[in-house]
Every structure is written in structure tokens, then in C-alpha cells.
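# Breakdown of the fold
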Amino acid sequence: MSEAADKNTALIIDDEPQIRRLLRVTLEANGYSVVDAVNGNEGIVQAAQCRPDVIVLDLGLPDLDGVDVLKRIREWSHVPVVVLSVRDRENDKIAALDAGADDFVTKPFGSGELLARLRTARRRSQPQAAEAVFRAGKIEVDLSSRIVRKNGGEVKLTPTEYALLRLLVVHAGKVLTHRQLLTEAWGPNAVGQTQYLRVHIAHLREKLENDPGRPELILTESGVGYRLARTDET
């Protein structure tokens with residue numbers, strides 16, 4: 001098997017030549033084989049043909065909006081997608097995440113941050129053991145037995161608190177929007193009830209964080225949603 005065949009493939013969908021060059025240099029220096037596309041339609045075709053291990057997607061494409069490209073890809077693929085865009089409004093981030101993006105990085109960006117986000121997105125895409133136990137710092141969540149422990153002692157959660165924590169654990173490292181959490185925990189009719197979410201997140205932090213006022217486990221993505229820190233982030 002050739003060295004190229006051993007590499008993971010990254011697909012870059014971006015219409016800016018200088019960004020594509022920067023990303024190619026950065027990714028190839030970190031072990032990726034790189035394929036790029038200059039517009040949304042070409043990106044969709046490349047995603048189908050080369051079956052990349054990860055996609056870096058711009059939103060401001062000349063032919064299609066990046067969110068529409070993402071929706072098209074999500075019709076048939078669960079490949080990790082990290083959005084890289086100059087758009088920094090909360091609504092743009094929420095739209096991309098709701099459409100299935102694994103993460104959102106705003107331009108201008110640091111190469112180290114982007115590589116870390118790509119690693120996290122790719123780890124999340126790997127199959128997990130059915131009896132997986134999530135650990136972060138002093139917290140342990142056993143999904144098979146529905147038992148949560150802190151410092152070795154069991155933590156009592158309400159059914160709603162556990163449902164929210166389980167969602168965050170299953171998607172550890174990924175930002176979950178308010179809409180996604182509310183829909184999963186309370187149903188589609190609750191999408192506007194963000195106060196419910198804030199209250200229950202506050203209760204979870206009181207039970208799980210060392211300092212609820214400065215959370216290190218359940219992290220806030222301002223105006224967008226929440227993210228559970230992975231083991232290697234705590």
C-alpha cells in the first residue's frame with residue numbers, strides 16, 4: 001500500500017485561492033491528503049467521489065450557500081464537517097450546526113485551533129463501544145447503567161437532567177444548539193423555551209462542576225448552545 005493510501009483525506013470547499021493554499025499546506029504538513037473544490041456543486045461531487053475523512057466548508061460560496069451544500073451532503077453522508085467562514089453572527093453558526101456541521105471556526109483562524117477542531121470532529125465520528133463509559137476529569141457517565149459519578153460517588157440526576165447530559169455525552173466535543181437540545185429533551189413544541197434549558201443546565205453544573213460559576217465540563221457557546229468538554233480538554 002502506498003504512503004498516500006495511508007493518509008486521511010480532507011476535502012476543502014472554498015472559493016478563495018489563498019485560503020485553499022493555506023489549508024493545503026497546513027493539512028498536508030499534518031498527514032492529510034488534500035482535495036479541493038472552488039464552489040458548492042463541485043464540492044458535492046468531490047464529496048461523493050473521493051469519500052473524504054473530513055470536510056472543511058466555507059459558507060460564502062459563489063454558486064450555493066454553504067448551508068445548502070451541507071444539507072445536500074448530509075442526505076447521504078455523516079462525514080465530519082467543520083465550517084470555516086468569515087460569517088460570525090450567531091444565526092449563521094446556529095444554521096450551520098442545525099444543518100449538521102460538527103463545528104464552526106471563524107476566519108481569520110489559527111492553524112492550531114483548526115487542526116484541533118478537525119481532530120475532535122474525526123474522533124466523534126469513530127464507532128463507540130456499546131458499553132462506553134464517558135470520563136472527563138472526576139466525572140464518569142456509564143450510559144449502559146445510567147449511573148453518573150463524581151469523585152467516585154454517585155450523583156443523583158432527575159430524568160430530564162440525565163436526558164440532557166446523555167445528549168451532551170453522546171455528542172461530546174460538538175456544539176449542540178438550543179434547538180437541538182430542546183427538541184431532543186422536550187419535543188419540537190419546546191424549541192422556543194430556552195429558559196427551561198438554562199435552568200436544567202444550571203442544575204447540572206451545580207451537581208457536576210467543581211465551580212459552577214466557572215464551568216470546565218459543560219461549556220457555553222454564547223448565543224448558540226452548549227458543548228461537553230471531552231476527556232482531553234478537562
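Below is a summary of the structure that appears in this document. (Residues numbered from 1 in each chain as written. Predicted model: local features only at pLDDT ≥ 70, side-chain atom pairs only at ≥ 80, totals over all residues. Heavy atoms only, no water.)

### As for the overall build of the protein chain
Looking only at helices and strands, the protein chain features nine helices and twelve strands. Its C-alpha atoms give the protein chain a radius of gyration of 19 Å, within 12% of the compact-globule value 17 Å for 234 residues. In terms of principal-axis extent, the alpha carbons of the protein chain reach across some 50 × 40 × 30 Å. Looking at the protein chain residue by residue over its 234 residues, the buried ones come to 44%. Considering only intrachain contacts with a sequence separation of at least 6, the fraction spanning at least 24 residues in the protein chain is 57%. Accessible surface, the protein chain: about 11,800 Å² in total, of which carbon and sulfur atoms supply 47%. Measuring between centres, the 32 positive side-chain charges of the protein chain sit 3 Å from its 34 negative side-chain charges. (Helix = DSSP H or I, 4+ residues; strand = E, 2+ residues; numbered from the N terminus. Rg over C-alpha atoms; globule rule 2.2 N^0.38 Å. Buried < 20%, exposed > 50% of the residue type's maximum accessible area, 1.4 Å probe, protein only. Contact = heavy atoms within 4.5 Å. Areas by Shrake-Rupley, 256 points an atom, 1.4 Å probe, with all protein chains shown as cover. Lys, Arg positive; Asp, Glu negative; His and termini not counted. Charge placed at Lys NZ, Arg CZ, Asp CG, Glu CD.)

### Here we look at the pairing of strand 3 (residues 54-57)
Of the two faces of strand 3, the one carrying V54 and V56 and the one carrying I55 and L57 are both buried. Direction of pairing for strand 1 (residues 8-13) relative to strand 3: parallel, over a ladder of four bridges. By the bridge assignment, A10 is partnered in strand 3 with V54. In terms of strand pairing, strand 3 meets strand 4 (residues 81-85) through three bridges, oriented parallel. Bridge pairing links V56 to V82 in strand 4. One crossover worth recording links strand 3 to the parallel strand 4 by way of helix 4 (residues 66-74), and it is right-handed. (Pairing = 2+ DSSP bridges. Right-handed = clockwise from strand over helix to strand, strands pointing away.)

### Considering the sheet that holds strand 11 (residues 218-221)
As summarised here, the arrangement of the three strands in space is 10-12-11, forming an open sheet in which the pairing is antiparallel. With partners counted over all chains shown, the strands left at the sheet margins are strand 10 (176-177) and strand 11, one partner each. The sheet contact formed by strand 11 and strand 12 (residues 225-228) spans four bridges and is antiparallel. Directly across from E221, in strand 12, lies its bridge partner G225. The sheet strands contacting helix 7 (residues 159-170) are strand 10, strand 11 and strand 12, and the helix crosses strand 12 at an angle near 65 degrees. (Axes fitted to C-alpha atoms, helices over the stretch in contact; angles between N-to-C directions.)

### Looking at the side chain of D102
Within the secondary structure, D102 sits in the loop between helix 5 (90-98) and strand 5 (103-106). Here the side chain of D102 touches R74 through a polar contact of 3.1 Å, side chain to side chain. If we skip the residues at most four places from it in the chain, D102 touches R74, V79, P80, V81, L97, A121, R124, K174 and V175. (Polar contact = N/O pair within 3.5 Å; in protein donor to acceptor, adjacent residues only side chain to side chain.)

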